[in-house]
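Here is what each chain is made of, one letter per residue.
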Amino acid sequence: MAGEPQTDCLFCKIVSGDIPATIVRESATTVAFRDINPQAPTHVLVIPKVHYPDAASLAAAEPQIAADVLTEAGAVAADEKIDSTGYRTIFNTGSGAGQTVFHAHAHVLGGRGLQWPPG
Ligand code: 5GP
Ligand code: ZN
């Protein structure tokens, strides 16, 4: 069924606790944890607890949960005190754009200067 946990999904295993992560925030619908390979002083991933392969499919099926991911991304930025200096919220979609884990997730990056346009 849409949104159900996938046995072969790394982020579903983080949601269930089967794989450990450094969790910084949790809500009824989301989990936020530090990226294992940080690309900036703050690099946190915000994921929905339900499984959808990317942000657009999450938003189409569960618009409130997609909004929750964005709200939590903002809360992470405030917690990490990068909201005043600026931060970036990124959803890589598709392997050509660098997506490697096919469970929707927002990257929250900050704590250093961020170039625009990105690479
Ligand atoms: P993507 O490349 O799909 O946009 O982002 C996936 C992110 O997940 C990468 O930045 C990668 O470093 C991170 N990642 C991969 N495996 C793990 C893991 O086991 N634990 C954590 N905390 N992050 C992971
Ligand atoms: Zn998943």
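For the structure, see preceding data.
A brief look at the structure comes next. (Residues numbered from 1 in each chain as written. Chains lettered and ligands numbered in written order. Predicted model: local features only at pLDDT ≥ 70, side-chain atom pairs only at ≥ 80, totals over all residues. Heavy atoms only, no water.)

Attention now goes to the coordination of the zinc ion (ligand 2). At this site the zinc ion (ligand 2) is bound by Cys9 (SG), Cys12 (SG), His51 (ND1) and His103 (ND1), with donor distances of 2.1 to 2.3 Å. Of note is the zinc ion (ligand 2), whose four donor atoms meet at the metal with angles of 107 to 115° in an arrangement that counts as tetrahedral. By relative accessible area, which is 7% here, Cys12 ends up buried. (Donors = N, O, S within 2.8 Å, 3.2 Å for Na, K, Ca; no water. Tetrahedral: all angles 85-135°; square planar, octahedral: opposite > 155°, others 65-115°. Buried < 20%, exposed > 50% of the residue type's maximum accessible area, 1.4 Å probe, protein only.)

Per the counting criterion, the structure on display carries one aromatic pair. Ring centres 5.4 Å apart and planes at 80° place the aromatic pair Phe11 and Phe33 in the edge-to-face group. Taken as a pair, Phe11 in helix H1 (residues 10-16) and Phe33 in strand S2 (residues 30-34) lie far apart in primary sequence, 22 residues in all. In this pair, the class of Phe11 matches that of Phe33, namely buried. (Phe/Tyr/Trp six-rings, centres within 6.5 Å; stacked < 30°, edge-to-face > 60°. Helix = DSSP H or I, 4+ residues; strand = E, 2+ residues; numbered from the N terminus.)

Hydrogen bonds between backbone groups are what pair the strands of a sheet, and the pairing can be parallel or antiparallel. Spatially, five strands are ordered S1-S2-S3-S5-S4 in an open sheet, and the strand pairing comes out antiparallel. Looking at which strands have only one partner, the edges of the open sheet turn out to be strand S1 (23-26) and strand S4 (87-90). Taking each pair of neighbouring strands and ignoring which way they run, the sheet shows an average axis angle of 20°. Strand direction decides the pairing type here: S4 and strand S5 (residues 106-110), joined by four bridges, are antiparallel. Note that in S5 the partner of Arg88 across the bridge is Leu109. Contacting S1, S2, strand S3 (42-48), S4 and S5, helix H3 (residues 63-79) crosses the sheet at an angle of about 155° to S3. (Pairing = 2+ DSSP bridges. Axes fitted to C-alpha atoms, helices over the stretch in contact; angles between N-to-C directions. Contact = heavy atoms within 4.5 Å.)

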